[in-house]
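Inside the fold
Each chain, written out:
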Amino acid sequence: SRRAVELGAGAKRLGWYWTEYHTVVGEFGQASEDDAVFAAMVRADQVSEFDWAAHARHLAARDAWVPAGDAYAKAYRMSVQTGATGRYACEAGRMWVLGKTPDKALDALRTCLDAYSLATYVDTSEVAAAHGLVASILNDRNVFSQAEVHARQARNLAPNDPWAALELSRAVEGEQRPTEA
């Protein structure tokens, strides 16, 4: 794949070759090599939303949650132009939750929910997870009434999800309704 990139260096758009090179290096190379290839792709302006999402997955595999969230956010911003769903915004939110950056996570998860509210295809598991994570963040901030709303949405979409039930319980307990909790 490296040779393919070298041979096509004069071509205007080599995205496919870069994507393949990045995939191979991400799979078989070291983290520093993966990062270097991706940085070269960015400098050469050969990065698509797919590439940003792939790099986010590489970063997540290394537990680099905040940079993975940043990469998913970039993928989402690029995907808006193609009319895609909010999937990448949801992924960014999840990564930032894991990276303990709740402000960024909350913004991304709300963007995810907004995008899915306008989408023709809705992945209800994504939406349920986003509502559950928003409820968790709001519960942590003692914003119990809004946490309850999101937790109830998560429970409606995924009635067997124990985390949604936990967040609903936390919210109603925070609202001083221990019997219901």
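A brief look at the structure comes next. (Residues numbered from 1 in each chain as written. Predicted model: local features only at pLDDT ≥ 70, side-chain atom pairs only at ≥ 80, totals over all residues. Heavy atoms only, no water.)

What follows deals with the packing of helix α8 (residues 124-140) against helix α10 (residues 162-174). Think of two packed helices as two axes; the pair is described by the angle between the axes and how far apart they sit. At a minimum axis distance of 9 Å, the contact between α8 and α10 shows a crossing angle of 30°. Considering their axes alone, α8 and α10 lie roughly parallel with respect to each other. Remark: the crossing between α8 and α10 carries left-handed chirality. Each of Gly132, Ala135, Ser136, Asn139 and Asp140 in α8 lies in contact with α10, whose residues at this interface are Glu167, Arg170 and Ala171. When its residues are assigned to classes, the contact of α8 with α10 shows 2 nonpolar, 3 polar and 3 charged. (Axes fitted to C-alpha atoms, helices over the stretch in contact; angles between N-to-C directions. Helix = DSSP H or I, 4+ residues; strand = E, 2+ residues; numbered from the N terminus. Parallel < 35°, antiparallel > 145°, perpendicular 65-115°, else oblique. Left-handed = near helix turned anticlockwise from the far one by under 90°. Contact = heavy atoms within 4.5 Å. Nonpolar A, V, L, I, M, F, W, Y, C, P; charged D, E, K, R; others polar.)

How two aromatic rings sit relative to each other is set out by the distance from centre to centre and by the angle between their planes. Counted according to the given criterion, the structure contains 2 aromatic pairs. With a centroid separation of 4.8 Å and an interplanar angle of 80°, the aromatic rings of Phe38 and Trp52 are classed as edge-to-face. With Phe38 in helix α3 (residues 31-43) and Trp52 in helix α4 (residues 49-61), this residue pair connects regions lying 14 residues apart in the sequence. According to the relative accessible area criterion, Phe38 is buried, its value standing at 5%. Overall, the relative accessible area of 17% leaves Trp52 in the buried class. (Phe/Tyr/Trp six-rings, centres within 6.5 Å; stacked < 30°, edge-to-face > 60°. Buried < 20%, exposed > 50% of the residue type's maximum accessible area, 1.4 Å probe, protein only.)

Now for the state of the cysteines. The bond known as a disulfide is covalent and runs between the sulfur atoms of two cysteines. This structure, assessed with the given rule, holds 1 disulfide. Between the sulfur atoms of Cys90 and its disulfide partner Cys112 the distance amounts to 1.9 Å. Torsion about the S-S bond of the Cys90 and Cys112 cystine: about 60°, corresponding to right-handed handedness. Note that Cys90 is positioned in helix α6 (residues 87-98) and Cys112 in helix α7 (residues 102-118), a separation of 22 residues in sequence. Since its relative accessible area comes to 0%, Cys90 is described here as buried. Residue classification places Cys112 among the buried residues on the basis of a relative accessible area of 0%. (Disulfide = S-S within 2.5 Å.)

This part covers unusual backbone geometry. You will see that Asp45, though not glycine, has its phi angle at about 55°, which is positive. Of note, Asp45 is situated in the loop between α3 and α4. Although it is not a glycine, Asp63 sits at a positive phi angle of roughly 60°. Topologically, Asp63 is positioned in the loop between α4 and α5 (65-80). Overall, Asp63 belongs to the exposed group, its relative accessible area being 52%.

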